[in-house]
Amino acid sequence: MGDLLQRHVDDGFVPGMMAVIARHGDVHMEATGTLAFEGPGSKTPMAADTIWRIASMTKPIVAACAMTLVEDCTLRLDDPVDDLLPELADMKVLADPDGPLEDTVPANRPITLRDLLTFTFGTGMVLTDAPIAHSLNAVGEPHLDEWVRRLGALPLVHQPGDRWMYETAADATGALIARATGMSFGDALRERMLDTLGMKDTGFSVGADSLGRLATAYAETNSPTGEPVVEDGPDGMWSRAPVFEGGGGGLVSTADDFLAFASALLAGGCLYGERVLSRPSVTLMTTDHLTREQKAVSGFRPGYFDSIGWGFGMSVVTRCTRLGPSVGSYGWPGLYGTAWFNDPAEDMTTIFVMQRAHAGDPRLPMSNDLWTTVYQAIDD
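As the structure is a computational prediction, the values presented were derived from the model and not from experiment.

S.K.: Outline the side chain of His 8, listing residues and values.
M.R.: Within the element layout of this structure, His 8 appears in helix H1 (residues 2–10). Those residues in contact with His 8 that sit more than four places away from it in its chain are Phe 13, Val 14, Met 17 and Met 366.

And the structure:
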């Protein structure tokens, strides 16, 4: 693993990379390189306490927080969210997903928490040039209350429960958590999940005294001269508290912190004797909830759900097509090249860390090589 990571650092793809593999109680961490190509971060080595943008790896943490509210009966999975999110009540649905926003029909039923956690509530990322795509992009990232108001003013793209749509449901879950707790989303997340697990460096921003540990994030492509392009540096978006606390991808974390979250799930909701979630909640979160009919019309490309499904806020492996992860594994990657899976069959957690946009695409040769290197090492 060390050789593989070093190869990608030596060829200038990223300034630093890290892998964390935990199995049967043993933790192996392999890190190489630095936090940045240039500047002060170029002298700081990647380490267990390096802070990185986990992007979409935020989503399973948000789902777990929502489940704590289900467990204490503040929320119910199949109740409408109308009372707490009235902006999403009595929704209209586009008659044609590619058609005008004015051509709508009534939603055939209310939106539920289950719809939000399974990403089937009827709206999300639209990758076409349809009018609704432009309107959804224009919602922006204001305060969560204003965000919900703007979202609710638009029609749903599909009927609730019809298909999986990415991203937006996690932000809506964050808004629901805030309303249900009477706290800011960030405060609720810290009280119910992060503090319990000792995730002291995980949050929606980085304190001034910790900015020296924040790795620089780079754009997907280099400049015309071949130089890496900084997308977000230590003095960038995460150096101050955001207006929009996004459940879809707003958190930063460290290898130590995220391993605590992953380990708690792998242990059935318990870490160091402290129970965060019940075992049945973890089982429910890590079960594929999408039907065959939903998978047939969902995903980023044809066949997207041939070997994976969707639990609550993360994917679930349903068919093994390479050395690993095994069937029943669950996890999710992030925009900046991070990735995580728990593999219950192997009693193993794997986390990869880098900070380059879209480097976590599982179709990339690098991604295949990383997972191959992990699973070929199993010898028992």
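S.K.: Report on helix H2 (residues 58–71), specifying residues and quantitative values.
M.R.: Between its first and last C-alpha, H2 extends 21 Å over 14 residues, near the 20 Å set by a 1.5 Å rise per residue. Cys 73, located one to two residues past H2, shows a positive phi value of around 65°.

S.K.: Describe the packing of helix H5 (residues 144–152) against helix H6 (residues 168–181), and please don't skip the residues or the numbers.
M.R.: Where H5 meets H6, the axes come as close as 10 Å, and the angle between the chain directions of the two elements is 125°. Considering their axes alone, H5 and H6 lie oblique with respect to each other. Two packed elements cross with a definite hand, and for H5 against H6 that hand is left-handed. Taken together, the residues of H6 that come into contact with H5 (itself represented by Leu 144, Asp 145, Trp 147, Val 148 and Leu 151) are Thr 168, Asp 171, Ala 172, Gly 174, Ala 175 and Arg 179. Classifying every residue of the contact of H5 with H6 by side-chain character gives six nonpolar, two polar and three charged.

S.K.: Any chance you could break down the sheet that holds strand S12 (residues 315–317) for me, citing the residues and the numbers?
M.R.: Backbone-to-backbone hydrogen bonds pair the strands of a sheet. The strands run either parallel or antiparallel. What the seven strands build is an open sheet, ordered S2-S1-S15-S14-S13-S12-S11; its pairing is antiparallel. Of all the strands in the sheet, just strand S2 (26–33) and strand S11 (308–310) have a single pairing partner and so form its edges. In this sheet, adjacent strand axes meet at a mean angle of 20° when their direction is disregarded. Both strand S1 (residues 16–23) and S2 contribute to a ladder of eight bridges, which runs antiparallel.

S.K.: Give a description of the packing of aromatic side chains that names residues and reports values.
M.R.: By the definition in use, this model includes 22 aromatic pairs. Ring geometry for Phe 258 versus Trp 340: centroids 5.3 Å apart, planes at 70°, classification edge-to-face. Of this pair, Phe 258 sits in helix H8 (residues 255–266) while Trp 340 sits in strand S14 (residues 339–343), and the two are 82 residues apart along the sequence. Like Trp 340, Phe 258 is buried. What links up through ring pairs into an aromatic cluster is the set Phe 119, Trp 164, Tyr 166, Phe 300, Tyr 304, Phe 305, Trp 310 and Trp 332.

S.K.: Got a sec to walk through the pattern of salt bridges? Specific residues and values, please.
M.R.: Across all of its chains, the model carries 16 salt bridges by this definition. The salt bridge involving Asp 380 is made with Arg 23; its shortest N-O contact spans 2.7 Å. Of this pair, Asp 380 sits in the segment after helix H11 (365–376) while Arg 23 sits in strand S1, and the two are 357 residues apart along the sequence. Here Arg 179 ties to Asp 145 by a salt bridge, and the two come within 3.0 Å at their closest N and O atoms. Taken together, the residues Arg 179 in helix H6 and Asp 145 in helix H5 connect sequence positions 34 residues apart. Looking at Arg 179, the relative accessible area reads 25%, which means it is partly exposed. You can call Asp 145 partly exposed: its relative accessible area is 40%. Overlapping salt bridges bring together Arg 23, Glu 346 and Asp 380 as one network.

Procedures and definitions
Residues numbered from 1 in each chain as written. Predicted model: local features only at pLDDT ≥ 70, side-chain atom pairs only at ≥ 80, totals over all residues. Heavy atoms only, no water. Helix = DSSP H or I, 4+ residues; strand = E, 2+ residues; numbered from the N terminus. Contact = heavy atoms within 4.5 Å. Expected span 1.5 Å × (residues − 1). Axes fitted to C-alpha atoms, helices over the stretch in contact; angles between N-to-C directions. Parallel < 35°, antiparallel > 145°, perpendicular 65-115°, else oblique. Left-handed = near helix turned anticlockwise from the far one by under 90°. Nonpolar A, V, L, I, M, F, W, Y, C, P; charged D, E, K, R; others polar. Pairing = 2+ DSSP bridges. Phe/Tyr/Trp six-rings, centres within 6.5 Å; stacked < 30°, edge-to-face > 60°. Buried < 20%, exposed > 50% of the residue type's maximum accessible area, 1.4 Å probe, protein only. Salt bridge = Lys/Arg side-chain N within 4 Å of Asp/Glu carboxyl O.

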